Amino acid sequence: MNLARVLALAGKEAREVRRDRLYLLLAFALPLILLVVFAYGMTTDVEGIGLVVIDEDGTPTSRRYAEGFLSTRHFVHARADAAAARGETALIDGRARVVLWIGPHFERNLNAGRPAEVLAQIDGAFTTSARTIHGYLEAINAQTNAELRTETMAAGGARTPSAGLVAPVQLQTRFLYNPELRSVVTVAPSLLMLVLLLVPPLLIAVSVVREKESGAIFNIASSTVTRLEFLLGKLIPVVVIGVANGLLLWVVVIVWFSVPFRGSVPQFALAIVLYVLATSGLGLLVSAAVRTQQAAIIITTITAVIVATQFAGMFAPLETASPVNRALARLFPAADFLAIVRGMYLRGAGIDIFWPELLALAAYAVLVLALAHALFHKRTTA
Amino acid sequence: MPGTDTSVAAVRPAAVSTINAPVVALAGIGKRYGRMLAVDDVSLKVERGQLYGLIGADGAGKSSLMKMVAGVLAHDCGTVEVFGVRIDSERAAERVKARLGFMPQGLGLNLYPELSVEENIDFFARLRQVSAAELAPRKQQLLEMTRLAAFRTRAAKNLSGGMKQKLGLVCTLIHAPELIVLDEPTTGVDPVSRRDFWAILAQLIDAQRLTALVSTAYLDEASRFDRLALMHVGRVLAEGEPAELVAAAGLRVAQVQAEPAALAQLAAHFAQTEQTAGAGRVVVTADDDESAAAAVRAALGSDQHPVPKIVITPPDLEDLFVARLQALDGAATTRPAPDADGRFKPNRNQRPAPASERGSAPPSEYNGGTHAIDAQSLTRDFGGFRAVDRASFIVRYGEIFGLLGANGAGKTTAIKMLTGILPPSAGIGRVAGADMRQAGQAIKERIGYMSQAFSLYTDLTVMENLLLFAGVYGLTREQARSRAQWAVALGDLHGHEREPAGRLPMGLRQRLALGCALLHQPRVLFLDEPTSGVDPIGRRRFWGALRRLAREQGVAILLTTHYMAEADLCDRIALMFAGRVVADATPAQLKAELTAERGQLLEVSAEPPLAALAALRAGGFAEAVLHGRRLHVLAHDAAEAGTRIDTALAAAGLAAARITSQTLTMEDVFIHRVLALEAAALARAAA
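The rules behind these values
- Residues numbered from 1 in each chain as written.
- Chains lettered and ligands numbered in written order.
- Predicted model: local features only at pLDDT ≥ 70, side-chain atom pairs only at ≥ 80, totals over all residues.
- Heavy atoms only, no water.
- Domains from an automatic or database assignment.
- Contact = heavy atoms within 4.5 Å.
- Buried area = accessible area lost by both parts, 1.4 Å probe.
- Pairing = 2+ DSSP bridges.
- Helix = DSSP H or I, 4+ residues; strand = E, 2+ residues; numbered from the N terminus.
- Axes fitted to C-alpha atoms, helices over the stretch in contact; angles between N-to-C directions.
- Parallel < 35°, antiparallel > 145°, perpendicular 65-115°, else oblique.
- Left-handed = near helix turned anticlockwise from the far one by under 90°.
- Nonpolar A, V, L, I, M, F, W, Y, C, P; charged D, E, K, R; others polar.
- Salt bridge = Lys/Arg side-chain N within 4 Å of Asp/Glu carboxyl O.
- Polar contact = N/O pair within 3.5 Å; in protein donor to acceptor, adjacent residues only side chain to side chain.

**Comments concerning the domain arrangement of chain A**
Residues and elements named next belong to chain A.
For step 1, the next point in the chain: Considered domain by domain, chain A is made up of domain 1 (7-42 + 182-375) and domain 2 (49-166).
For step 2, the next point in the chain: Domain 1 and domain 2 are separated by 41 Å when their C-alpha centres are compared.
For step 3, the next point in the chain: With 16 residues of domain 1 at the contact, the number on the domain 2 side is 12 residues.
For step 4, the next point in the chain: Buried area between domain 1 and domain 2, summed over both chains or domains, comes out near 1,100 Å², and the portion from carbon and sulfur atoms is 57%.
For step 5, the next point in the chain: When residues of domain 1 are sorted by the area they lose upon contact with domain 2, P317, E319 and R347 head the list and together hold 46% of the total.

**Overview of the sheet that holds strand β5 (residues 169-176) of chain A**
Residue and element names in this part refer to chain A.
For step 1, the next point in the chain: Judged by pairing direction, the sheet is mixed, and its five strands sit side by side in the order β2-β1-β3-β4-β5 without closing on themselves. Each of the sheet's edge strands pairs with one partner strand only, and the pair in question is β2 (75-77) and β5. Across the sheet, the mean angle from the axis of one strand to that of its neighbour is 25 degrees, orientation sign disregarded.
For step 2, the next point in the chain: Note that strand β4 (residues 116-123) and β5 share eight bridges and pair parallel. Directly across from A116, in β5, lies its bridge partner V169.
For step 3, the next point in the chain: Helix-sheet contacts for helix α3 (residues 60-70) involve β1 (49-55), β2, β3 (98-102), β4 and β5, and the interaxial angle to β1 is about 175 degrees.
For step 4, the next point in the chain: Seen against the sheet, helix α6 (residues 127-154) touches β1, β2, β3, β4 and β5 and runs at an angle of roughly 170 degrees to β5.

**Describing the packing of helix α1 (residues 3-19) of chain A against helix α14 (residues 462-472) of chain B**
For step 1, the next point in the chain: Where α1(A) meets α14(B), the axes come as close as 7 Å, and the angle between the chain directions of the two elements is 150 degrees. Here α1(A) is positioned roughly antiparallel relative to α14(B), judged by the angle of their axes. The element α1(A) and its partner α14(B) pack so that their crossing is left-handed. When α1(A) is examined against α14(B), the residues A4(A), R5(A), A8(A), L9(A), K12(A), R15(A) and R19(A) are found in contact with a partner set consisting of E464(B), L468(B), G471(B) and V472(B).
For step 2, the next point in the chain: When grouped by side-chain class, the residues that make up the contact of α1(A) with α14(B) number five nonpolar, one polar and five charged.

**Section: the domain arrangement of chain B**
Residue and element names in this part refer to chain B.
For step 1, the next point in the chain: Each domain of chain B was delimited in the assignment, giving domain 1 (4-242), domain 2 (245-335), domain 3 (373-583) and domain 4 (588-686).
For step 2, the next point in the chain: When each unit is reduced to the centre of its C-alpha atoms, the spacing between domain 1 and domain 2 is 37 Å.
For step 3, the next point in the chain: Each partner contributes to the interface: domain 1 provides 14 residues, whereas domain 2 provides nine residues.
For step 4, the next point in the chain: Across the domain 1 to domain 2 interface the summed buried area is about 1,000 Å²; carbon plus sulfur atoms make up 79%.
For step 5, the next point in the chain: Inspection of the domain 1/domain 2 interface yields zero salt bridges.
For step 6, the next point in the chain: Across the domain 1-domain 2 interface, the total number found is four residue pairs in polar contact (both at pLDDT 80 or more).

**With respect to the interface of chain B and chain A**
For step 1, the next point in the chain: Chain B puts 37 residues into the contact, and the matching count from chain A is 29 residues.
For step 2, the next point in the chain: Taken together, the two surfaces of chain B and chain A that pack against each other cover about 2,900 Å², and 55% of this comes from carbon and sulfur.
For step 3, the next point in the chain: Among the residues of chain B in contact with chain A, V72(B), E90(B) and D459(B) are the three that bury the most area, contributing 20% of the side total.
For step 4, the next point in the chain: Connecting chain B to chain A are one salt bridge.
For step 5, the next point in the chain: Across the pair K378(A) and E94(B) runs a salt bridge whose closest N-O atoms are separated by 2.7 Å.
For step 6, the next point in the chain: Taken together, the connections running from chain B to chain A amount to 13 residue pairs in polar contact (both at pLDDT 80 or more).
For step 7, the next point in the chain: Secondary-structure elements contributing two or more residues to the side of chain B that touches chain A are β1 (24-33), α2 (90-97), β6 (100-103), α3 (117-127) and α14 of chain B.
For step 8, the next point in the chain: Residues that form the side of chain B that touches chain A fall into these classes: 20 nonpolar, seven polar and 10 charged.

Pasting the structure below:
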């Protein structure tokens, strides 16, 4: 151990870092980006959650009770079509996360000193959010109860029997799709989105850039092979691998993690194919922009992890994110695919509800592949 | 030389373009990468059927030029026409791609390493939509010509360098193109495989009426081209037929035998001087032999005893190239002009050779008689493969020792064992008196090692690199500074101290790397292919630095090289074959042995060369080889051989040849030795 040598080596590294732009970016810009992105993305606040009220009582008291929830910033009123399925359709297509059912005779029960029953159904597909929502509901309900007690006491005490009750309104909550709130139920299917956002782009970008590095790309560039033929030749094996991966992971999630699949198998398989096409196209875009395998690996990996965890609605529902984050999320196919995973896989929704997302994935795939085709050249300028 | 059967049926479809139009026409083209000017105002034409050479060191602009012709790189200005089609857009480039084949630079890099020989060929054939009916006979023929037929199922990654390049050639030719563009197909390939490659290419061009644009960094390959362009930093320095260029250069070479002191004088007067044992070689600007001799005599002075012996010969292309480079280089290397008194002033950058360089032989022993390197039956196995097989040799202090051999002969493995990077499986390697197996840090500090791969930090400046390596060797700040200055002087790096190493030309980089390997004053220096990719001037300066080190400081130098001209500059040579040392002697001894064994070298000029080659082989010269457009044969009795050659040519209906006697080069020695060993190995395997 010789300190002079250590200093010599350290000094050299410092100089190299200063002169290598990619390295400098990784050293300083990346930590900043990560901090900002994760700080906004990982907040567990829940705001603007869609709430469907099914008020079967329809009295001033029941309306005031519901207003107690909707007047906070945590919930917004989501309109449900008829009360037919008790608002559950709103949960399935993702317009709402909570259905609040106020039973008939709400007001009469309260006035008669009997406990009034209210049922809250919470979407259990987001484990963390579901817990938080549950907490808010309990707190708001407790406050309403306290107010009711105060009011009845002020109105003359013992004359109304309900004054004796500790909790005049009894709120019952149920978590749908994930009754025990096992986080693996939420996380495991979501990881399909992350893994398929990471692996196919990585494979395709590396396979193109490797040929750029070695010079084998000139075999193509100097031949009569067209750009489209080359890109399809790269795309087909990767899409096959990606889809096979997707199906394999799907089986593992069902069998190993025992997360029941509630949707239609061909419809979900179609979603996987479209998603893999779209993400592979992203990989081709990366390969058009970089020259070294290292750069390809770093860019695809970091992009996939950031997008999947922050801009796809993995930990918290996307509608609760800031408008900027929501706009950024639209740049990638991950959010649409995750909505499909949650809807089809966990809630058993079908193509009748998620056709806009499927169409968006298909359009995304076409757009990205067209862009990659436009950016790839056989005769380059450098 | 095997494999020159010329009975190749035409495998190319009928030519379709105009007969007289040039296949490639470049006019005033230029190309910039950011701030770097890669190609600067280049104009040239390649005619149908020509083997056209682009010759230059790394960074000369050859690759850029070839990519533009192949339609895979856009130029900034000027016009590029291929088959009469102006290549000015991606769409235009597509129009010619069916008719051309391009093999990019890099040993086998454009092949698919996991695919077998045949799978690689089939892949290229399918890319080019060659029908099965066309493919089968063409593949068979090309595999036979390149002698790869026996290796159809071998993965490309397991081929030798020479075989990879031959496979690359087959893949480039599989769609029967009219024009092939080959970027440095012979770089990094050993001399035997190189000569083989050129012979195959010559046959293909002849048999299929191909046009070929080929680049090389080896100047000694220049005579193989019908026409060539000498390139340097993006510009064409000279263009034409090799013989014409040499004739029009106005240069003569003077071989001078005189007293060492007088020879030292020459360096002060002529920009190009080389000294070997007791003789000097000088390039003189002169239009005839008489005035060249006069100029040399004037430089030597009139009072020489005994009278110096001066022989004037024509220059070779390297002399011409160096002269043009020096003219470009400006003040640093301009020829000294006579001053008012009519006397020559010494060139300011051309310092007279130091006293110790004047001696002819290397100092035999330094350090009280211990050998610098003593390899005793060094052996190294990799699994079942024996890379080095009982190799023994001795290198003395002050000696430049060359380790030669084809790719895979075991040179690099031997060096790795001697530098302590790889433990030997058996045998002993002593370096500076210590067994490398047990030697610790102390011995590693006594040796310097410059590896094949460029080992400098490209983002750091010259001075920063030097100080870094000094720091790594644990020198104090003061020592580091003085040694760095010494290294700058050794490598002629003055004025470049603040430049990033990545932006230096190859020659300077290699001298910087040499300086870095020497900062801690090692007594023994190992250099693995130190001059690959360096231009001729850079190579000469590098050798100047090596010689100063050996002669003045008594450093023992062991190096490997693929440049046979450099092998001639070594004090001693060990030739390796299949892991064994099969010859160990001075270059002069090796040449004398070959002459005694096989006779002298005769160069036969006969047209057409390929037909003449076939005729000579049929006429009893089984080992005749093609060298450019000329043939080389070895014979004990020149007169008798001359008669036999003429008889053989007449029998084939060819005109009588011009036959000249040539001095043997180390390349001849190397090739004859290796071919004889290969034949012996083959015979053993057959028995």
